[in-house]
Amino acid sequence: MANAHPDDMLDEIEAISDNEDEAGPSKQNGLITTDRYGFVGGDQFTDPELESPTPVEVIRKREVKWLDMLENWEKWMNKRFKKVKERCRKGIPASVRARAWQYLCGSKFLMEHNRGVFEMYLREPGDPKWVDDIKKDLHRQFPFHEMFAARGGTGQEDLFRVLKAYTVHNHVDGYCQAQGPIAAVLLMHMPAEQAFWCLVSICEKYLPGYYSAGLEAVQVDGDVLFGLLKKVVPVTYKHLV
C-alpha cells in the first residue's frame with residue numbers, strides 16, 4: 001500500500017463506497033467528501049455524533065485568551081509560563097493553532113530574523129541524492145488527505161519545497177523520511193515558509209540527532225526507554241527483549 005499511487009487509492013475508496021452503504025466515505029453528487037480534518041474516508045473515525053464537542057462559548061473564550069497571549073507573548077512566557085502550559089494542555093483553538101505553534105516552538109523568531117532565506121534555499125539546486133529521495137517519498141505522506149492525494153498537486157509541491165529547503169539549510173543531516181509526516185502536518189495548518197521554519201525549530205531545538213544519518217538520539221532515547229521499562233515494568237521489558 002505504501003507504494004500505491006494516490007489515484008489508485010482513491011479509485012479503491014470509490015469502489016468500497018459504491019458497494020457498502022455504511023462503510024467507506026460518504027458521497028455527495030458523485031463526489032467523495034472528506035471529514036472535517038481533510039481526510040478522505042475518515043468519517044468513520046470522526047463522527048461528530050460520537051464526539052463530545054467543546055461548547056462554542058468555551059472556544060470563543062479560549063480564542064480571546066490566546067489572542068491576548070500571542071499579542072503579549074514575551075510577557076506571558078516570562079511571567080506566566082505555567083498558565084501558558086495549562087492553556088496548551090486544555091487545547092489550542094483551531095483558529096489560532098498555526099500561529100500558536102510558531103510562537104511555542106520559536107519558529108516565529110527564526111523566520112523574522114531570516115527574511116528571504118527560505119526563498120534563497122529554494123533557488124539552490126540541492127543535493128541530487130536528497131532531491132531524488134524526497135521525490136520518491138512524496139506520495140507516501142498522507143495519501144488520503146485532500147492536500148496530498150494528487151501527484152504533483154499544490155500540497156505535494158509545497159511538501160517538496162519545505163523538505164528540499166531543509167536539506168540546503170542542513171546539508172550534513174540532509175533528508176530523513178521521518179521528516180515527511182511532520183512537514184506535511186505543518187502544511188495542513190500554515191504556508192510553506194512558516195512550515196519550513198517550524199520544521200527547522202523542531203529538528204534542531206527539540207529533536208536534535210533524531211534525523212541524523214545514524215539516528216543517534218533515537219538510539220539513546222530507546223536505551224533510556226528500555227532501562228525504564230526494565231526498572232518499572234519488568235514483565236513488559238522481558239516480553240520485548
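Before any of the text, the structure's been laid out above.
Here the structure is a predicted model, which means the values were calculated and not measured. (Residues numbered from 1 in each chain as written. Predicted model: local features only at pLDDT ≥ 70, side-chain atom pairs only at ≥ 80, totals over all residues. Heavy atoms only, no water.)

## Some remarks on the layout of surface pockets
1) Next: For the second largest pocket, the calculated volume is near 230 Å³.
2) Next: Trp73, Glu74, Met77, Gln102, Tyr103, Leu104, Cys105, Gly106, Lys108, Phe109, Glu112 and Lys205 together form the lining of the second largest pocket.
3) Next: Put simply, the parts of the chain that give the lining of the second largest pocket at least two residues each are α3 (73-79), α5 (97-105) and α6 (107-112).
4) Next: In terms of residue count, α5 provides more of the lining of the second largest pocket than any other element does, four residues in total.
5) Next: Class assignment of the residues belonging to the lining of the second largest pocket gives a composition of six nonpolar, two polar and four charged. (1 Å grid on protein atoms, 1.4 Å probe; cavity = no way out; pocket = protein on both sides within 12 Å on 5 of 7 lines; lining within 4 Å. Points joined across faces, edges and corners; volume = space filled by probe spheres on them. Helix = DSSP H or I, 4+ residues; strand = E, 2+ residues; numbered from the N terminus. Nonpolar A, V, L, I, M, F, W, Y, C, P; charged D, E, K, R; others polar.)

## Side note on the nonpolar core
1) Next: Core analysis: the biggest nonpolar cluster contains 33 residues, and Leu159, Val162, Leu163, Leu187, Phe196, Trp197 and Leu199 have the highest contact counts within it.
2) Next: Broken down by secondary-structure element, the contributors of at least two residues to this core are α5, α7 (117-123), α8 (128-137), α9 (154-169), α10 (179-187) and α11 (192-206).
3) Next: It is α11 that contributes the most residues to this core, eight residues altogether.
4) Next: Discounting residues that sit within four places of it in the chain, Val162 has contacts with Phe118, Ala183, Leu187, Ala192, Ala195, Phe196 and Leu199.
5) Next: Core analysis: the second largest hydrophobic core is formed by 10 residues, Leu70, Ile92, Val96 and Ala100 among them. (Core = buried A, V, L, I, M, F, W, Y, C linked by side-chain atoms within 4.5 Å. Buried < 20%, exposed > 50% of the residue type's maximum accessible area, 1.4 Å probe, protein only. Contact = heavy atoms within 4.5 Å.)

## Structural notes on the pattern of salt bridges
Charged atoms that come close allow side chains of opposite charge to pair.
1) Next: Following the criterion strictly, the structure yields nine salt bridges and no others.
2) Next: We note a salt bridge from Glu63 to Arg60, for which the minimum N-O separation is 3.1 Å. Taken together, the residues Glu63 and Arg60, both in helix α2 (residues 56-71) and three residues apart, mark about one turn of the helix.
3) Next: Taking the relative accessible area as the measure of exposure, Arg60 reaches 47% and is therefore partly exposed. (Salt bridge = Lys/Arg side-chain N within 4 Å of Asp/Glu carboxyl O.)

## Looking at the packing of aromatic side chains
1) Next: Tallying each qualifying case throughout the model produces six aromatic pairs.
2) Next: Both rings, one in Phe39 and one in Phe142, keep their centres 6.0 Å apart while their planes meet at 65°; by these two values the pair is edge-to-face. Residue Phe39 is found in the loop between β2 (31-32) and α2, and its partner Phe142 is found in the loop between α8 and α9; the two are separated by 103 residues along the sequence.
3) Next: The partly exposed category is assigned to Phe142, whose relative accessible area is 26%.
4) Next: Aromatic pair Phe196 and Trp197: ring centres 4.8 Å apart, planes at 70°, arrangement edge-to-face. No difference in accessibility class separates Phe196 from Trp197, as the two residues are buried.
5) Next: Three or more aromatic residues link up through ring pairs in this structure, and these residues are Phe118, Tyr121, Phe196 and Trp197. (Phe/Tyr/Trp six-rings, centres within 6.5 Å; stacked < 30°, edge-to-face > 60°.)

## Here we look at the packing of α10 against α11
1) Next: Contact geometry of α10 with α11 gives a least axis separation of 9 Å together with a crossing angle of 140°. It follows that α10 is oblique to α11 by the angle criterion. As for how α10 packs across α11, the hand of that crossing is right-handed. Residues Gln179, Ile182, Ala183, Leu186 and Leu187 of α10 form the contact with α11, whose participating residues are Ala192, Ala195, Cys198, Leu199, Ile202 and Cys203.
2) Next: Residue composition of the contact of α10 with α11, grouped by class: 10 nonpolar, one polar and no charged. (Axes fitted to C-alpha atoms, helices over the stretch in contact; angles between N-to-C directions. Parallel < 35°, antiparallel > 145°, perpendicular 65-115°, else oblique. Left-handed = near helix turned anticlockwise from the far one by under 90°.)

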